[in-house]
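Observations on the three-dimensional arrangement
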Amino acid sequence: MSARNPAIELEGVNKWFGAFHALKDVTLSVAEGERVVVCGPSGSGKSTMIRCVNQLERHQAGEIRIHGRSYGRSAREDEAIRRDTGMVFQQFNLFPHMTVLENCTYALTWVKQLPEAEAKRIAMSHLERVRIPEQAPKYPLQLSGGQQQRVAIARALCMQPRIMLFDEPTSALDPEMIKEVLDVMVELAGSGMTMVVVTHEMGFARQVADRVVFMDQGEVVEQAPPREFFANPRFDRTRMFLSQIL
Amino acid sequence: MPDHATPAEIFRPRPAAPPPPNTIGVAGWLRANLFSSIPNTLLTLVGAWILYVVVDAVLGWAVFNAVWDAPNRRACLDQVGRAGACWPGVIAWIPNLIYGLYPKDEVWRINLGAALLVLWAVPLWLPAVRSKVAIGLSLVLLFPFLASYLFLGGIKGPVWAALVALGLSGLLWTWLTVVTEWRTGLSFVALVARVLGGPEPDAPRARWVARLTWAALYATAFVLVWGWELRPVPTQVWGGLFLTLVISGIGITFSLPAGVLLALGRRSRMPLIRAFCVAFIELFRSVPLITILFMFNTMLPLFLPAGVEVDRLLRAIVAVCLFAAAYMAEVVRGGLQAIPKGQYEAAAAMGLGYWQSMTLVILPQALKIMIPTIVGNFIGLFKDTTLVSIIGLLDLLSMARAVGEDSTWLGLFIEPFFFITLIYFVFCFAMSQYSMNLERRLGAGQRR
């Protein structure tokens, strides 16, 4: 794995919300094609960390590099770097006033300036990949939560990012719908996409993760391959956390 | 897979049963809404009686006992006294109520302006037309130039002529495009470029053809406008429904975009822009419209250098626009705040810039949820224009008051007020119905 280039590098990243110290010297590296699952109790900074990776939150100290390019030089360059990443949110955040297809095509036509037919072709191919091409003409609120989240994944994939970020993608879903979303994510992992997934789905971590990162109080407590992480966690805090969720 | 001791039973959901018969249909509706209990029944009967008394009195006065033909008010009073309305006075004054003191033989210009407005707006509802956004924008931005010359007339300098020509070329382009899009699906300029410049729309030759087409269109309009001169009609004689519609129409079309910009500015991260927007909004919202009208009417000339005369109507329009924009800004801001943060984040994560995410993602949703309030504001603005009568403009209300001051119809006040009440009602009710229709259409498919 060390032979692969790093896709994401965080070095001594610090973030405050007012006086609250949300990320404390977070240092983390994710290689190209690597699948990393981030877990930890709520308020541990895992969402903040993943949101700093695509600069939805700006970090105040430290450095974040995506494929070797760091944020903070100019707004235009930040925008270009951000396009390497696709983001899937806990609340889906689909645009309710556009159809499923338009949700997928609008960024292609407006940001990438592709012709309409080409955008539609790309969008349909990704909707097929998440197995809901037949829902294309519907509006998001007519779909189930699991279907909406799969649309959100397709929408992010349309921009052809090299890194996919998932911020608790299954936490807002009914138990019966979690699996259909995880299946899509497993398939995606199999295609060699670099993935950082914040989740409590430990089954998913076991199945596809190359590495599990455990965070608490804004710090990375420990990180290890899943087998080792679940069988033999080093810290008491990790053991306590695992005993509560498993 | 856990081992089960017995084989699983098969669960079959029951079919849905129809509702009980007395809860549906007309009888069910009456029972549920009007006669569900004794107090409710009593209220229904009292309500029906009040409705009967009011409608009977109004119809009796306005229709059954009314006088429809009389030479003056005295004759009306001799026939029915005060038991019936005296409509001949209103009928004689209808042209004035609608056009104010606009010269009678020039009134066709107002009618033509209204017809052009309709003609320009009709393509927005035709399904075959694809360039609806461009047509809508051209209507809002260019129609005022054309209409203002039509209504004002007079000698136009080259700049004025150029602007009017812009208006006319917009109208020509709109209808040429309607025809070409209906026949071929291409806008007029794109069609000419295709025919003369080859099939590649981005080839340099096609671009030149497109540019030349625009130039030719504009030149045609300019030639038409140059040779066209109308008698000047000063704004002092504008009045009636026409004036009311001019002021409120401009106020409405200006207030929405200006309100959107002010609302965005108020939420901007740039302190200077934010401070300016907050100051503007709070200043204009804290002052009654009447005060603003007075300020603009009496005090503005004091600040202007000697010899600079700003038309009184223009002053009133500017005052109304600024006032309406400040109110609209707060309405739009309310809508912006109702949009979840996740929508902004999703737009940003997809690589959309500030203006793209605002125009494509945030504003369509924010404006949609604010339609009732926005249209409410429009209706309020439409009615508020009656205040311009205070600074001496002859709007619909002033003209209605003038009927009773006419020596033939001296003292005839109730009938013209009743009549303009109906006019106001028709316009406001139409706006409100249209907004509800719009809400339903935009909401279709987005509800769960």
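See above for the structure.
Residues numbered from 1 in each chain as written. Chains lettered and ligands numbered in written order. Predicted model: local features only at pLDDT ≥ 70, side-chain atom pairs only at ≥ 80, totals over all residues. Heavy atoms only, no water.

What follows concerns the packing of helix 8 (residues 188-197) of chain B against helix 9 (residues 204-226) of chain B. Residues and elements named next belong to chain B. At a minimum axis distance of 8 Å, the contact between helix 8 and helix 9 shows a crossing angle of 130°. One element, helix 8, and the other, helix 9, form an angle in the oblique class. Judged by the twist between their axes, the crossing of helix 8 over helix 9 is right-handed. Along the contact surface, helix 8 presents Phe 188, Val 189, Val 192, Ala 193, Leu 196 and Gly 197, while helix 9 presents Arg 205, Ala 206, Val 209, Ala 210, Thr 213, Trp 214 and Leu 217. Of the residues contributing to the contact of helix 8 with helix 9, the split by class is 10 nonpolar, two polar and one charged. (Axes fitted to C-alpha atoms, helices over the stretch in contact; angles between N-to-C directions. Helix = DSSP H or I, 4+ residues; strand = E, 2+ residues; numbered from the N terminus. Parallel < 35°, antiparallel > 145°, perpendicular 65-115°, else oblique. Left-handed = near helix turned anticlockwise from the far one by under 90°. Contact = heavy atoms within 4.5 Å. Nonpolar A, V, L, I, M, F, W, Y, C, P; charged D, E, K, R; others polar.)

In this structure, the second largest pocket occupies an estimated 1,300 Å³ of space. Broken down by class, the residue content of the lining of the second largest pocket amounts to 15 nonpolar, six polar and 11 charged. (1 Å grid on protein atoms, 1.4 Å probe; cavity = no way out; pocket = protein on both sides within 12 Å on 5 of 7 lines; lining within 4 Å. Points joined across faces, edges and corners; volume = space filled by probe spheres on them.)

This paragraph deals with the environment of Gly 167 of chain B. All names here are of chain B. Note on placement: Gly 167 falls in helix 7 (residues 158-183). Considered as a pair, Gly 167 and Leu 146 are 21 residues apart in the sequence and their alpha carbons are 4.9 Å apart. In contact with Gly 167, not counting residues within four places along its chain, are Trp 120, Leu 142 and Leu 146.

On to the pairing of strand 2 (residues 20-31) of chain A. Residues and elements named next belong to chain A. Note: strand 1 (residues 6-17) against strand 2, eight bridges, orientation antiparallel. Following the sheet pairing, Pro 6 is matched in strand 2 by Ala 31. Counted between consecutive antiparallel strands, the loop separating strand 1 from strand 2 contains two residues, among which Gly 18 sits at a positive phi close to 60°. (Pairing = 2+ DSSP bridges.)

Let us now look at the sheet that holds strand 7 (residues 163-167) of chain A. Residues and elements named next belong to chain A. Within the open sheet, the six strands sit side by side as 6-7-8-3-9-10. Their pairing is mixed. Of all strands in the sheet, those bounded by a partner on one side alone are strand 6 (85-88) and strand 10 (219-224). Ignoring strand direction, the axes of neighbouring strands in this sheet form an average angle of 20°. Pairing of strand 9 (residues 211-216) with strand 10 involves five bridges; the strand directions are antiparallel. Along strand 10, the bridge assignment pairs Met 215 with Val 220. Packing against the sheet, helix 6 (residues 175-190) makes contact with strand 3 (35-39), strand 7 and strand 8 (194-198), and its axis sits at approximately 150° to strand 8.

Residues and elements named next belong to chain B. Those residues of helix 8 not exposed but buried are Phe 188, Val 189, Val 192, Ala 193 and Gly 197. Projected onto a plane normal to the axis of helix 8, the buried residues spread over an arc of 130° and lie on a single side. Where helix 8 is buried, its residues meet helix 7 and helix 9. Gly 198 sits one or two residues past helix 8 and shows a positive phi near 95°. (Buried < 20%, exposed > 50% of the residue type's maximum accessible area, 1.4 Å probe, protein only. Arc of directions from axis to C-beta.)

Here we take up the side chain of Ser 398 of chain B. Residues and elements named next belong to chain B. Following the sequence through the fold, Ser 398 ends up in helix 17 (residues 396-403). Judged by relative accessible area, Ser 398 falls into the buried class, the value being 11%. Ignoring sequence-local partners within four residues, the contact set of Ser 398 consists of Ser 389 and Leu 393.

On to the packing of aromatic side chains, then. Summed over the entire model, instances satisfying the criterion amount to 24 aromatic pairs over all chains. Both rings, one in Phe 95 of chain A and one in Tyr 106 of chain A, keep their centres 5.2 Å apart while their planes meet at 75°; by these two values the pair is edge-to-face. Of this pair, Phe 95 of chain A sits in the loop between strand 6 and helix 3 (100-110) while Tyr 106 of chain A sits in helix 3, and the two are 11 residues apart along the sequence. A relative accessible area of 0% places Phe 95 of chain A in the buried class. For Tyr 106 of chain A, a relative accessible area of 4% puts it in the buried group. Pairing Phe 151 of chain B with Trp 238 of chain B gives two aromatic rings, centres 6.0 Å apart and planes at 90°, and the pair type is edge-to-face. Of this pair, Phe 151 of chain B sits in helix 6 (residues 132-152) while Trp 238 of chain B sits in the loop between helix 9 and helix 10 (240-266), placing them 87 residues apart in sequence. A relative accessible area of 10% means that Phe 151 of chain B is categorised as buried. Ring pairing ties together the aromatic residues Trp 61, Trp 68, Trp 87 and Phe 418 of chain B, which thus form one cluster. (Phe/Tyr/Trp six-rings, centres within 6.5 Å; stacked < 30°, edge-to-face > 60°.)

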